[in-house]
Amino acid sequence: ADTYNQFNQIYYTASMVILFGSLGFNIAVTRINLSPSLVTASVFLTTLLAYLFLQVISAPFENVFEIVSILIYCLFISLSGIYVFHLLFSGRYRDYVLLTLLYSALHLLIIPAILFLQLSLFSVLPAVAFLWFLIGTPKYIKQKDSSFRNLKEFYKVGISAFVINSAVSLALAADKYFVNHFFALEIANSYT
């Protein structure tokens, strides 16, 4: 019961952070020419702000290793998700499908890593996210514009896309986040 609840706390914390960390940038990157370094900086900033907000309202994790683990996981999942969506939007369906299947396969490997190798979920999650990002990087469409003039428009499009596309995801993740962080173990596990 404790392990299941811990998994749910990690999973729904990451879900909330990834949702706000990505901030509709998957749509923005298809419309606004922005270099990978500025996209990364934007995602890092929004990821950090989202996590800090959750830390203030519920203090989901207190151990620095756990916090850094969640932040690394969220950063690389958000970045990869943005660029994998860009592949779909650009009509590179084969690359999109292969990277999406890889995402699933890597996440399925978490279970045996924990059960058989006795690894910590906090160690495996960032490794999986970084590996997915690393494998996908050669396929990602990289734009060249590294000026800050497109950054305002990038956020504007991203926030608009977030509002339009994230209402359902936010509701589904938020209720489970709050239940797993504020309710008793039995109720939280039953609800989830």
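Structure shown above.
Asker: For the overall build of the protein chain, give the residues involved together with the corresponding values.
Answerer: Each helix and strand counted, the protein chain has ten helices and zero strands in total. Scanning the protein chain from its N terminus toward the C terminus, one meets helices and strands in the order α-α-α-α-α-α-α-α-α-α. On C-alpha atoms alone, the protein chain measures out to a radius of gyration of 17 Å, which is about the 16 Å that the 2.2 N^0.38 rule sets for 192 residues. For the protein chain, the spread of C-alpha atoms along the principal axes amounts to about 50 × 35 × 30 Å. A total of 192 residues make up the protein chain; the buried ones form 46% of that total. For the protein chain, contacts bridging at least 24 residues in sequence account for 82% of all contacts bridging at least 6. Of the accessible surface of the protein chain, which amounts to about 10,200 Å², a share of 70% is contributed by carbon and sulfur atoms. The centroid of the 10 positive side-chain charges in the protein chain is displaced by 21 Å from the centroid of its 8 negative side-chain charges.

Asker: If you had to explain the pattern of salt bridges to someone new, which residues and values would you point to?
Answerer: Tallying each qualifying case throughout the model produces two salt bridges. A salt bridge links Arg92 to Asp95; its shortest N-O distance comes to 2.9 Å. Under the relative-accessibility criterion, Asp95 is labelled buried at 8%. Measuring nitrogen to oxygen at the nearest pair gives 3.7 Å for the salt bridge that ties Lys139 to Asp95.

Asker: Explain the nonpolar core to me, using residue names and the numbers behind them.
Answerer: Membership of the largest hydrophobic core comes to 55 residues, with the highest contact counts inside it found for Val39, Tyr73 and Phe154. In terms of residues, this core owes the most to one element, helix α4 (residues 64-89), which gives 13 residues. When neighbours within four sequence positions are excluded, Phe154 is seen to be in contact with Phe25, Ala28, Val29, Ile32, Leu34, Val39 and Ser42.

Asker: Pulling in residues and values, what's your account of helix α1 (residues 2-22)?
Answerer: If you check α1, its first and last C-alpha atoms are 30 Å apart, about what 21 residues at 1.5 Å a residue would give, namely 30 Å. Residue Leu23 follows α1 closely and has a positive phi angle near 45°.

Asker: Before we move on, can you summarise the packing of aromatic side chains with the specific residues and values?
Answerer: According to the stated counting rule, one finds 15 aromatic pairs in the structure shown. Summarising the aromatic geometry, the rings of Tyr177 and Phe178 are spaced 5.3 Å apart at their centres and angled 85° between planes, so their arrangement reads as edge-to-face. Here Tyr177 falls in the buried class, since its relative accessible area comes to 0%. A network of ring pairs unites the aromatic residues Phe76, Tyr83, Phe130, Phe133 and Tyr140 as a single cluster.

Asker: Break down a nonpolar patch on the surface for me, citing the residues and quoting the values.
Answerer: Judged by side-chain polarity, Phe53, Val56, Ile57, Phe178, Phe182, Phe183 and Ile187 come together as a nonpolar surface patch covering roughly 720 Å² of accessible area. Breaking the nonpolar patch down by element, the ones donating at least two residues are α3 (36-58) and α9 (167-182). When residues in the nonpolar patch are grouped by element, the largest group, three residues, is from α3. For Phe53, the position within the fold is in helix α3.

Asker: Please give an account of the packing of α1 against α9 that cites residues and values.
Answerer: Their axes nearest at 9 Å, the elements α1 and α9 cross at an angle of 145°. The handedness of the crossing between α1 and α9 comes out as left-handed. Packed against α1, whose contacting residues are Asn5, Asn8, Gln9, Tyr12, Thr13, Ser15, Met16, Leu19 and Phe20, the element α9 presents Ser169, Leu170, Ala173, Ala174, Lys176, Tyr177, Asn180 and His181 at the interface. Residues that form the contact of α1 with α9 fall into these classes: eight nonpolar, eight polar and one charged.

Thresholds applied
Residues numbered from 1 in each chain as written. Predicted model: local features only at pLDDT ≥ 70, side-chain atom pairs only at ≥ 80, totals over all residues. Heavy atoms only, no water. Helix = DSSP H or I, 4+ residues; strand = E, 2+ residues; numbered from the N terminus. Rg over C-alpha atoms; globule rule 2.2 N^0.38 Å. Buried < 20%, exposed > 50% of the residue type's maximum accessible area, 1.4 Å probe, protein only. Contact = heavy atoms within 4.5 Å. Areas by Shrake-Rupley, 256 points an atom, 1.4 Å probe, with all protein chains shown as cover. Lys, Arg positive; Asp, Glu negative; His and termini not counted. Charge placed at Lys NZ, Arg CZ, Asp CG, Glu CD. Salt bridge = Lys/Arg side-chain N within 4 Å of Asp/Glu carboxyl O. Core = buried A, V, L, I, M, F, W, Y, C linked by side-chain atoms within 4.5 Å. Expected span 1.5 Å × (residues − 1). Phe/Tyr/Trp six-rings, centres within 6.5 Å; stacked < 30°, edge-to-face > 60°. Patch = residues over 30% accessible without salt bridge, like charges linked within 9 Å, V, L, I, M, F, W, Y side chains within 5 Å. Axes fitted to C-alpha atoms, helices over the stretch in contact; angles between N-to-C directions. Left-handed = near helix turned anticlockwise from the far one by under 90°. Nonpolar A, V, L, I, M, F, W, Y, C, P; charged D, E, K, R; others polar.

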